[in-house]
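Okay, here's what each chain looks like letter by letter:
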Amino acid sequence: MSRFLYTARAVFLGLLTTQIIATLHVYLSNADLYRTVSAISEAGYLPIPNHRVASSLNQFGPALCGGLFFTLSIGAGLSILWVCCAWIWDRLFGRNCSLLIPLGLLWVGMAAAMNSQGFSPIVTSYFIVTPLVVFWAALKWMPNEGEKWVWVNRLTPILPIVLLTLIWTAHTMWTAHRHKSSFADILFEDIRDYLLLSNPVGEKVDHFYYRYTLYPAEVFKSLDQKTLKTCHVASIKDQAVARKIEHTLIHYDYLPVAARAPIDLDIAASADVLSFRYRGKTILHTSYKEFFSQQKKMLTFFSAETDRHGPFRQATILCLVLGFPITLYVMVFALIHFVFGFLVGPKRYSLITGALCFLIGLALLAPLRIGRSKTTDAMNVSKALASEYWQQRILALRRVVEKRIEIGDLPVYHKMMTSPHVPERYWLAKALGESRDPGTYEDLVTLLDDPHPNVVSMAFCGLGQRGDKKAVRNILERIETSDHWYNQWYAYNALRDLGWEQRPVASQ
C-alpha cells in the first residue's frame, strides 16, 4: 500500500512547507498594504480596501487563508514536479549520484529564473525550500520495487488522470469553439456556475475564494495592476506645474501622499528633467513636455521596470492550471486506495481505486456537460428564459449578453431577480449591465443588495458599463459600508468607468 501513499505524503509535506512560507509572504504584503492604505486615507482620498477590510490586514487569519492560494498553486506544482524528479532518479537511474548535477541545475535555475527581474528572498524560498523538502521526503518514503506486475501498478494511477485530462480538454475546447470564447474563460465559468455554485459545499468554496483571493493577489501585482498607488512630487518650484503633474498622476490612480509614507512613485525635478524613482532607485528620466504628451506610456514603462514578480506570476498561473488538478487527483487516489486496501485483495484495490477516480472525474464533468447540453438562439430566448430548468435559463442569459439582446424587451426576466440559483442572478446582472432600457436601471441597483458577493460585483460592473453618472453617489456610499474587498474593487472600477476621479476630501 505504501507504493502509492508515499507520493501523497511527500506532496502533503510540500504543501505544508509552502503554506508556512506563503502565510509569511502574504502577512508581510498585508502589512505593506496597510501602511499604504493608511497613507492614502490620511491624505484625504478614498482607500481601497476601505477601513473595514484594512483593519484585517494586520491579522493572522487573512494571511493564513490567503496563503492557501500559493499553497494550492506554487506549492502543488513544485511538489508534483519534484516527486516526479525523485521517482525518475530512483527508478530510472538507480540513484546515480552523477545525475544529481542536472537536477541541481534545474533546482537552482528555477530559483534564478524567479529572480530575473529583481531578487526577492521570500519568492526564492518557495523554489529552494519546497523542492528540497519534497525530494528528500519522496526518496525517504519511496518503497522498494518488488512486485512482478510492476508496470501494471505504474499505469494504474497514471492512466485515469491521462484519460480525464483528454476528456475534460476535449469538452472545454468543443464548448469554447461553439461559443467563440477562450478556453480559460469557458473552463472557469463552467466550473464556477455548474460545479461550485450549484451546491452548498461549492458555494462555500466559491465564497472563501472571493473573500480571500485579493490578499495574495496584492503580493505579486505590478503597479499597473494595483487599484491604488502612492506618489510624491518634490523639488518643482512652479506650483502650477506641480499641481498639473499631480492631477495627471491622480488620473492614473497614483495618489499624492506625505513624503514619510510608503511611496510607489517618487518624482524629482532638476532643471527641465523629471526623474521617476522607485524605492530610492531612479527608473527613468524624461522632460516635462514628453511626460505630458506620453503620460500613459511613461507610467506603463515605469510599472514594467519596477515589476519584480513577472516570472513568479507566470509560474503561479501555470502551477494552478496544472499542479492543482494533479495534486487533487493524487490526494483522492491515495485516500480511496488507503480505504480499499483494507477491504479487497492487494491485486484488486489498485485497479478499483483507478476506476473509482476515473468515475469521480467523469461525475465532476457531468454538471458542466449537462449545463451546456441545450443551446438557444435569438428566436427562442424569451421561451428559454421561462424554462423550468435553471441551466437552460442561464444559457439564455448568456445568449442575451453575447448577442447584446435588450433584456428590457423580455419582461420574463423579473422572475429571475429572486431566483435561488446564484449563477442565474449573476448572469442577469450582466444582462442588465448591457441594457440601455431606463426601466431596467432600478432592477440592477436592487441586485447590489444580493446576498452573494459574485452577484453584487457584477451589478457594480453593470452600473459602470451603463454610464449613468447618477450611480456615483450610490456606489461611493456602498464602498464606505462594504465589508467585502472584492465588491469594493468592482465598485471602484465602476466609478472610474463613470468618469469619477479621486480628490482629497478637503477639495470635494
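Below is a short write-up of the structure. (Residues numbered from 1 in each chain as written. Predicted model: local features only at pLDDT ≥ 70, side-chain atom pairs only at ≥ 80, totals over all residues. Heavy atoms only, no water.)

1. Let's talk about the side chain of Glu424
Then step 1. Mapping Glu424 onto the fold places it in helix α17 (residues 422-434).
Then step 2. Assessed through its relative accessible area of 2%, Glu424 is described here as buried.
Then step 3. Here Arg393 takes part through its side chain, which lies 2.7 Å from a polar atom of the side chain of Glu424.
Then step 4. Apart from residues lying up to four places away in sequence, Glu424 is in contact with Trp390, Arg393, Ile394, Leu397, Met416 and Ser419. (Helix = DSSP H or I, 4+ residues; strand = E, 2+ residues; numbered from the N terminus. Buried < 20%, exposed > 50% of the residue type's maximum accessible area, 1.4 Å probe, protein only. Polar contact = N/O pair within 3.5 Å; in protein donor to acceptor, adjacent residues only side chain to side chain. Contact = heavy atoms within 4.5 Å.)

2. A word on the pairing of strand β1 (residues 229-234)
Then step 1. Pairing of β1 with strand β2 (residues 254-256) involves 3 bridges; the strand directions are parallel. Note that in β2 the partner of Lys229 across the bridge is Tyr254.
Then step 2. With helix α10 (residues 239-251) bridging β1 and the parallel β2, this β-α-β connection has right-handed handedness.
Then step 3. Alignment of β1 against strand β3 (residues 265-270), held across 4 bridges, turns out to be parallel. Considered in β3, the bridge of His232 is made with Asp266. (Pairing = 2+ DSSP bridges. Right-handed = clockwise from strand over helix to strand, strands pointing away.)

3. Brief notes about the environment of His25
Then step 1. Here His25 lies in helix α1 (residues 2-42).
Then step 2. Considering only alpha carbons, one finds His25 and Arg425, 400 residues apart in sequence, at a separation of 36 Å.
Then step 3. Apart from the residues lying within four places of it in its own chain, the contact partners of His25 are Ile122, Val123, Tyr126, Val219 and Phe312.
Then step 4. A distance of 3.0 Å separates the side chain of His25 from the side chain of Tyr126, its partner in a polar contact.

4. Comments concerning the pairing of strand β4 (residues 273-278)
Then step 1. Note: β3 against β4, 5 bridges, orientation antiparallel. If you follow Asp266 over to β4, its bridge partner there is Arg277.
Then step 2. Taken together, β3 and the strand that follows it, β4, pair antiparallel across an intervening segment of 2 residues, in which Ala271 is found at a positive phi of about 60 degrees.
Then step 3. Pairing between β4 and strand β5 (residues 281-287): 6 bridges, direction antiparallel. Within β5, the position partnered with Phe276 by the bridge is Leu284.
Then step 4. Two successive antiparallel strands, β4 and β5, enclose a turn made up of 2 residues, where Arg279 displays a positive phi of approximately 50 degrees.

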